[in-house]
Amino acid sequence: MAALKGKAIKSFLAARDENVAAVLLYGPDSGLARERALLLASRVVEDLKDPFNALELSDAELKEEPGRLADEITALSFAGGERVIRLRTSGEAAVKAVQALLDGLDGGRLKPNGVVIIEAGELTPRSGLRKAFEKAKYGVALPCYADGPADVRSMAQEAAAAEDLRFDPDALDLVVAILGEDHGISRAEIDKLILYKGPAAVRKGPASISLDDVRASLVDGLGDAMDDTASAAADGAPARLAAALHKAAAAGASPIGLLRALQRNFMRLKTAQDLMDGGASAASAMKKLRPPVFFAEERAFENRLYKWRGPKLERALRMLIDAELDAKTTGAPQREIVERAALALAVMGSR
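Visitor: Before we move on, can you summarise the overall build of the protein chain with the specific residues and values?
Guide: Per the secondary structure count, the protein chain includes 16 helices and seven strands. Along the first, second and third principal axes, the C-alpha set of the protein chain runs to 75 × 50 × 35 Å. Within the protein chain, contacts between residues at least 6 apart in sequence are counted, and of these 76% link residues at least 24 apart. In the structure as shown, the protein chain presents an accessible area of about 17300 Å², 54% of it carried by carbon and sulfur atoms. Charged side chains in the protein chain number 49 positive and 51 negative. The centres of these two groups are separated by 5 Å.

What follows is the structure in structure tokens.
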């Protein structure tokens, strides 16, 4: 099978495919790969700590016994039922063992009694593991790439719906703006928000998640750190920015999450500037933003409106677009790219 994409991944994860005996999870988002591996494994074995039905192997073990994967997938359990064999590999170290497994499955020489699930990290198109799975009849490859805004939005809505909760529109917008591309961190933050609101078992009937709920649960930590970073850059305060960047890194903010916070802050300035160019006052423009500028932040935001005018604001927005392109395509360290762009903005704003 070829590597699955888009809706095909969702369909595969929604229900077990009995024809698939081996799954490769690869890509830069290890949190997403781990979550999917646990989901797939739990469909085969109820207790993943069961020593008879759940087994984890390493590259070192397969190097000593390349046929181990093929042996384990066909072994019968002492406790009965199917088995899950999990492998976390550095990449090409497991190619020989995996190829033997897939050849045996495709050739009908192996009768699987369960599923092999492999987490391999980021792999290039030339990777032997990817090539082996993409040609296999009974194996499937699932790429695990960083979440985009639509993925975060969908994840938040699905997690809330499972606990009979729904997001107010402005609350959901803030969650998407706060969270970055790391699926594991986003999932943990969303779970924290739901726990703050109260899961269905401890509530009576449906409830909504408000903007205040998001602020109380998330903004004081991760979101607050990212907002501090964006505010310091827009205020032209390099020293305060350095402290904010350190705080954001300690809180677990992803580089792309920081970049989104900067983009959101400067795009709000651009929207307000456009309203003012149309004849609105600064106060009126701030109230028309969605969400509107909070009362305590109005003076700082108004100062930024007069600091970032016309071509200067356009240059700032272009700088952020270029930083995102560099972060996602050049292979250079994303954090360094984003922090350099933030510092450049702070210096520009200080002039």
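There's plenty left to go through after this.
Visitor: So what's going on with the nonpolar core? Residues and values would help.
Guide: Counting residues in hydrophobic clusters, the biggest one holds 61 residues, and the most contacted among them are Phe167, Val175, Val214, Phe266, Phe301, Leu305 and Trp308. If sequence neighbours within four positions are ignored, Phe167 has contacts with Ala156, Gln157, Ala160, Leu172, Val175, Leu193 and Ile209. Core analysis: the next-biggest nonpolar cluster, separate from the first, contains 29 residues, Tyr26, Ile73, Leu110 and Ala120 among them.

Visitor: Tell me about the sheet that holds strand β3 (residues 83–88), and name the residues and values.
Guide: Taken together, five strands build an open sheet; the order of strands is β2-β3-β4-β1-β5 and the sheet is parallel. Each edge of the open sheet carries a strand with a single partner, namely β2 (54–57) and β5 (139–143). Mean inter-strand twist for the sheet, computed between neighbouring axes without regard to direction, equals 15 degrees. Sheet topology places β2 next to β3; four bridges connect them, and they run parallel. Considered in β3, the bridge of Ala54 is made with Val84. Running at roughly 175 degrees to strand β4 (residues 114–119), helix α2 (residues 30–42) makes contact with β1 (22–26), β3, β4 and β5 of the sheet.

Visitor: Describe the packing of aromatic side chains, naming the residues involved and giving the relevant values.
Guide: Tallying each qualifying case throughout the model produces two aromatic pairs. Taking 6.0 Å as the distance between ring centres and 75 degrees as the angle between the ring planes, the aromatic pair formed by Phe52 and Phe78 counts as edge-to-face. Taken as a pair, Phe52 in the loop between α2 and β2 and Phe78 in the loop between α4 (68–74) and β3 lie far apart in primary sequence, 26 residues in all. Classification of Phe52 by relative accessible area gives partly exposed; the value is 42%. By relative accessible area, which is 82% here, Phe78 ends up exposed. Each ring, one from Phe266 and one from Trp308, has its centre 5.0 Å from the other, and the planes form 85 degrees; the classification is edge-to-face. Pair noted here: Phe266 is in helix α12 (residues 255–277) and Trp308 is in the loop between α14 (298–307) and α15 (310–329), with a separation of 42 residues, a long-range link. For the pair shown, Phe266 and Trp308 are each scored as buried. It is Lys312 that lies over the ring of Trp308; its NZ or CZ is 5.1 Å from the centre.

Definitions and limits used
Residues numbered from 1 in each chain as written. Predicted model: local features only at pLDDT ≥ 70, side-chain atom pairs only at ≥ 80, totals over all residues. Heavy atoms only, no water. Helix = DSSP H or I, 4+ residues; strand = E, 2+ residues; numbered from the N terminus. Contact = heavy atoms within 4.5 Å. Areas by Shrake-Rupley, 256 points an atom, 1.4 Å probe, with all protein chains shown as cover. Lys, Arg positive; Asp, Glu negative; His and termini not counted. Charge placed at Lys NZ, Arg CZ, Asp CG, Glu CD. Core = buried A, V, L, I, M, F, W, Y, C linked by side-chain atoms within 4.5 Å. Buried < 20%, exposed > 50% of the residue type's maximum accessible area, 1.4 Å probe, protein only. Pairing = 2+ DSSP bridges. Axes fitted to C-alpha atoms, helices over the stretch in contact; angles between N-to-C directions. Phe/Tyr/Trp six-rings, centres within 6.5 Å; stacked < 30°, edge-to-face > 60°. Lys NZ or Arg CZ within 6 Å of the ring centre and 35° of its normal.

By themselves, these observations are geometric and do not establish any function.
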